[in-house]
Amino acid sequence: MVHGTEIIVPKDLLCYNSSYFNSAFNGRFKEGEEQKLHFHDCSADTFQMAVQWIYFSQIKVPTCQVSVQEAPATAKLNMSQNGTQTSCTAKQAKPTTPSQSRQSSVASNEIDTNLRAWAMDENLDIQFYPDFAANDKAQTVSRLLAFLKLADKIDLIGPFDSVIASIKQVISSSPGRRALMPGHIRLAAELSPTHPIRKLFADACFREFVQDLIPGTNVQGKPFRFDKELSEFDSFSSDLLRSYRQSEKKKVTNKKTGPEFSFTDPFTESKFSITI
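Reading the values: the criteria
- Residues numbered from 1 in each chain as written.
- Predicted model: local features only at pLDDT ≥ 70, side-chain atom pairs only at ≥ 80, totals over all residues.
- Heavy atoms only, no water.
- Salt bridge = Lys/Arg side-chain N within 4 Å of Asp/Glu carboxyl O.
- Helix = DSSP H or I, 4+ residues; strand = E, 2+ residues; numbered from the N terminus.
- Buried < 20%, exposed > 50% of the residue type's maximum accessible area, 1.4 Å probe, protein only.
- Phe/Tyr/Trp six-rings, centres within 6.5 Å; stacked < 30°, edge-to-face > 60°.
- Contact = heavy atoms within 4.5 Å.
- Pairing = 2+ DSSP bridges.
- Axes fitted to C-alpha atoms, helices over the stretch in contact; angles between N-to-C directions.
- Core = buried A, V, L, I, M, F, W, Y, C linked by side-chain atoms within 4.5 Å.
- pLDDT = per-residue confidence, 0-100.
- 1 Å grid on protein atoms, 1.4 Å probe; cavity = no way out; pocket = protein on both sides within 12 Å on 5 of 7 lines; lining within 4 Å.
- Points joined across faces, edges and corners; volume = space filled by probe spheres on them.
- Expected span 1.5 Å × (residues − 1).

> What's the story with the pattern of salt bridges in this structure? I'm lost.
Any two side chains of opposite charge can pair if their charged atoms end up close together. If you walk through the whole model with that rule in mind, you get 11 salt bridges. A salt bridge links R186 to E232, with the shortest nitrogen-to-oxygen separation between them at 3.0 Å. Of this pair, R186 sits in helix α8 (residues 182-188) while E232 sits in helix α10 (residues 227-232), placing them 46 residues apart in sequence. Judged by its relative accessible area of 12%, R186 falls in the buried class. Of the residues examined, E232 reaches a relative accessible area of 43% and is grouped as partly exposed. Salt-bridge contacts for K199 lead to D203; the nearest nitrogen and oxygen are separated by 2.7 Å.

> Help me understand the packing of aromatic side chains, please; the structure alone is not making it clear to me.
Centre-to-centre distance and the angle between the planes together describe a pair of aromatic rings. Scanning all chains against the criterion turns up 19 aromatic pairs. On the basis of an interplanar angle of 15° and a centroid distance of 6.0 Å, the ring pair of F21 and F25 is categorised as stacked. Pair noted here: F21 and F25 are both in helix α2 (residues 19-26), with a separation of four residues, about one helical turn. One exposure class covers both F21 and F25, and it is buried. With a centroid separation of 6.2 Å and 70° between ring planes, the pair formed by F206 and F263 is classed as edge-to-face. Of the two residues, F206 sits in helix α9 (residues 196-213) while F263 sits in strand β6 (residues 258-264), which places them 57 residues apart along the sequence. Taken together, the ring pairs in this structure connect Y20, F21, F25, F39 and F47 into an aromatic cluster.

> Is there a simple way to explain the side chain of S247 in this structure?
The residue S247 is located in the loop between α11 (234-246) and β5 (249-254) in this model. In contact with S247, other than residues within four places in its own chain, are F206 and T264.

> I tried to follow the sheet that holds strand β7 (residues 271-275) on my own but got confused; where do I start?
Taken in spatial order, the three strands make up an open sheet running β5-β6-β7, and their pairing is antiparallel. Strands at the two margins of the open sheet, each flanked by one partner only, are β5 and β7. Averaged over all neighbouring strand pairs, the angle between strand axes comes to 30°, with direction disregarded. Pairing of β6 with β7 involves five bridges; the strand directions are antiparallel. Looking across to β7, one finds that E260 is bridged to T275.

> Got a minute to help me understand the nonpolar core in this structure?
Proteins that are soluble and globular tend to have nonpolar side chains buried together. F147, I167, I197 and F201 are the most contacted members of the largest nonpolar core, which has 70 residues in total. Looking at this core, the element that brings in the most residues is helix α6 (residues 136-154), giving 10 residues. Apart from the residues lying within four places of it in its own chain, the contact partners of I167 are V141, L144, L145, L148, I197, L200 and F201.

> Where do I start with the confidence of the model for the protein in this structure?
Detail in the predicted coordinates should be disregarded across regions flagged by low pLDDT. Confidence along the protein averages 81 in pLDDT terms, with 79% of residues attaining 70 or more. Of all helices and strands in the protein, the one with the weakest mean pLDDT is strand β3 (residues 84-89) (28), whereas α8 scores best (98). With pLDDT under 50 throughout, residues 63-101 is counted as low confidence; its partners more than four residues away or in other chains account for 79 contacts. A low-confidence stretch, residues 107-112 stays under pLDDT 50, and its non-local contacts, those more than four residues away or across chains, total 17 contacts.

> Please clarify how empty space enclosed by the protein should be interpreted in this entry.
To find leftover empty space, one rolls a probe the size of a water molecule over the atoms. With the rule as written, the count across this model stands at three cavities of 30 Å³ or more. Counted as a void, the second largest cavity has a volume near 50 Å³. If you go around the second largest cavity, the residues you meet are I185, A188, A189, R198, F201, S235, F236 and D239. Every element with two or more residues in the lining of the second largest cavity is listed here: α8, α9 and α11.

> Mind showing me how you'd approach the environment of P130 here?
Among the secondary structure elements, P130 is positioned in the loop between α5 (115-121) and α6. Along the sequence, P130 and G183 sit 53 residues apart, while their C-alpha atoms lie 9.2 Å from each other. Contact partners of P130, with chain neighbours within four places excluded, come to M181 and P182.

> Teacher, can you tell me more about α6 here?
With 19 residues, α6 extends 27 Å between its outermost C-alpha atoms, agreeing within 8% with the 27 Å of an ideal straight helix rising 1.5 Å per residue. Just past α6, the residue D155 takes up positive phi, approximately 55°.

Set out below in structure tokens:
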């Protein structure tokens, strides 16, 4: 049960893909006796994305009020919310091995109609998501990040390279990389230092950070967009510093504009220059 939504998944399938649920349902806990668990660490939509991943190694964003794809035979997913019920049953089964099943990419889908409710269930602090309702790309990043956070908590079988790649593509396609918001940085800071999303976010911030770092180059006079996160989260500071140290950079002299720093943006591998 996830925020009032009942989600039924075959026990063996769930426990095989998640050590968290394997411990819960096969241990001496209340959940093991009742074979039922009340989960409040994410929204029902995000949990349904995890179920999609278990069945198909692919997720659709967002999943709210969208029918789930066909599931393998004998699998059944029931979702009951606000008096409505949607079910998905299989018509055919295609046997796959774990290695084969982790190759799928992430696909985007319908526009979410319950964004505010989803944000509340995810316990998002909306002050760190400026103009969130109008930024569909930021919403997509939020959905995918919520899935990664859940996958980390329940120790879901990956790898999640396709999800990371999708987040990178969404951020890259947004003007000024505005799909990446302070709230995303804050959520990523809760994950382990080796989680690839932390490096991705640091790399995405690199260019803007460097432009703010070098004196006299911030012509607009605006502070670094993630300055508050830089001050509050040592993990983010470390990630940015690591990105800076690993980047290719050199000081050159341009005959027309004078001295300048040349950098390689780790997010895109493209070069950019900053005139001193």
